[in-house]
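Inside the fold
Here are the chains, one letter per residue:
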Amino acid sequence: MSEIAEFFTDWRAVLQGILLFVIIYLAIYHLRNTHGSLVMAGLLMFIGSLWGLAKTFDLGIISRLLEVVLGSLPLMLVVIFQPELRRGLARLGRLARLENRRRQELIGEVATAMLNMAKRKCGAIVVIECKSKLQQLIDGAVMVDAKVTSLMIESIFYPNSPLHDGAVIIRDDRLVAAQVILPLSGADNISRQLGTRHRAALGISEECDAVTVVVSEESGAVSIAYDGKLYRDLGENELNRMLDTLIVKKNAGELDETIEQLNVAEPEQSKNTEQHKGAEV
């Protein structure tokens, strides 16, 4: 019996160790690119340097002060990472209805920006991250971390802006990166009328479940790339409907219904549908 009790005790200890490792790893992973992580790194370097000097030259007073500082380290972490902790707790406490309303606001801001730029024939490409994370692309881009607004998107793609080349990536309701280089589609059956932006939009749609909205610099047409397909020349109503279907309903677990809605055309739109479907890769 004692061996069985010891086994269960050891099993619990191993499980607790694994859980602590996972929690610490996820915390470091999500906080690594934040302003607080830089402050924390600098603080730890400063404390480490003082600790080394205190031990080398036997500075007792400084050693005791450092022990007091290290004892209050948990409180310092809360203060340093207060914005990130508040944002994370707010996300955990968000109800599904509020989450859908936030997505609707995101769709409205993106659609407004793309339609405004379409009128001016200002080329743009916006990638909305879904379940597949795009951290590798974000790491190689210019970090922005700003709330998504139509003015922010339009200012980035303004022709004289230093960030207008490349794509922007949106995660949740934050514009996290600009000047993102996307993989180009290697498909052979893409129309020659489509340029690099459309090939990039198709390329990223072939690799993940992101929703990409493109404005053509030549024609001002608005298109959406998703699941290896390009839906071209979308009007305001079509753009809003498709974004609502892909961002809100898909994330609510209605992926099959989403795909069905995108592929079913109303009879009076049958001629335009072939144009909207574009290249199916």
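Residues numbered from 1 in each chain as written. Predicted model: local features only at pLDDT ≥ 70, side-chain atom pairs only at ≥ 80, totals over all residues. Heavy atoms only, no water.

**Regarding the pairing of strand S4 (residues 174–180)**
Of all the seven residues making up S4, six are buried; the element is thus mostly covered by neighbouring parts of the structure. Where strand S3 (residues 167–171) lies against S4, four bridges are found, and the strand directions are antiparallel. Paired with Ile169 across the strands is Ala177, a residue of S4. Between S3 and the antiparallel strand that follows it, S4, lie two residues; Asp172 among them carries a positive phi value of about 55 degrees. (Buried < 20%, exposed > 50% of the residue type's maximum accessible area, 1.4 Å probe, protein only. Helix = DSSP H or I, 4+ residues; strand = E, 2+ residues; numbered from the N terminus. Pairing = 2+ DSSP bridges.)

**Concerning helix H9 (residues 196–207)**
An α-helix turns once per 3.6 residues; consequently, residues spaced three or four apart project the same way. For H9, with 12 residues, the first-to-last C-alpha span of 17 Å sits near the 16 Å given by 1.5 Å per residue. Against strand S1 (124–128), helix H7 (135–139), strand S5 (211–215), strand S6 (222–226) and strand S7 (229–231) lie the buried residues of H9. (Expected span 1.5 Å × (residues − 1). Contact = heavy atoms within 4.5 Å.)

**Regarding a nonpolar patch on the surface**
A surface patch of nonpolar side chains, about 590 Å² in accessible area, is lined by Val14, Ile18, Phe21, Val22, Tyr25 and Leu26. Given the relative accessible area of 41%, Leu26 is considered partly exposed. (Patch = residues over 30% accessible without salt bridge, like charges linked within 9 Å, V, L, I, M, F, W, Y side chains within 5 Å. Areas by Shrake-Rupley, 256 points an atom, 1.4 Å probe, with all protein chains shown as cover. Salt bridge = Lys/Arg side-chain N within 4 Å of Asp/Glu carboxyl O.)

**Some words on the pairing of S1**
Within S1, five of the five residues are buried, which leaves the element mostly enclosed by the surrounding structure. Alternating residues of S1 divide into Ala124, Val126 and Ile128 and Ile125 and Val127, and every residue in both groups is buried. Pairing between S1 and S5: five bridges, direction antiparallel. Paired with Val127 across the bridge in S5 is Thr212. Alignment of S1 against S3, held across three bridges, turns out to be parallel.

**Section: the environment of Val215**
Mapped onto the elements of the fold, Val215 is located in strand S5. Among the residues examined, Val215 registers a relative accessible area of 0% and is labelled buried. The spatial distance from the C-alpha of Val215 to the C-alpha of Arg197 is 8.4 Å, given a sequence separation of 18 residues. Once residues within four sequence positions are removed from consideration, Val215 is found in contact with Met114, Met117, Ala118, Cys122, Gly123, Ala124, Arg197, Gly220, Ala221 and Val222.

**What to know about the pattern of salt bridges**
Applying the stated criterion across every chain yields a total of seven salt bridges. Between Asp173 and Lys147 there is a salt bridge; the shortest N-O distance is 3.9 Å. Residue Asp173 is located in the loop between S3 and S4, and its partner Lys147 is located in strand S2 (residues 142–147); the two are separated by 26 residues in the primary sequence. Assessed through its relative accessible area of 17%, Asp173 is described here as buried. You can call Lys147 partly exposed: its relative accessible area is 46%.

**Some words on the side chain of Ser185**
In this structure, Ser185 sits in the loop between S4 and H9. Judged by its relative accessible area of 5%, Ser185 falls in the buried class. Engagement of the side chain of Ser185 in a polar contact is seen with the side chain of Glu206, the distance being 2.7 Å. Those residues in contact with Ser185 that lie beyond four places of it in its chain are Ile190, Arg199, Leu202, Gly203 and Glu206. (Polar contact = N/O pair within 3.5 Å; in protein donor to acceptor, adjacent residues only side chain to side chain.)

**Concerning the confidence of the model for the protein**
Mean pLDDT for the protein: 79, with 77% of residues reaching 70 or above. Across the protein, S1 holds the top mean pLDDT of 97, while helix H12 (residues 270–277) sits lowest at 36. Confidence drops under pLDDT 50 across residues 264–281; counting only partners more than four residues distant or on other chains, this segment forms 28 contacts. (pLDDT = per-residue confidence, 0-100.)

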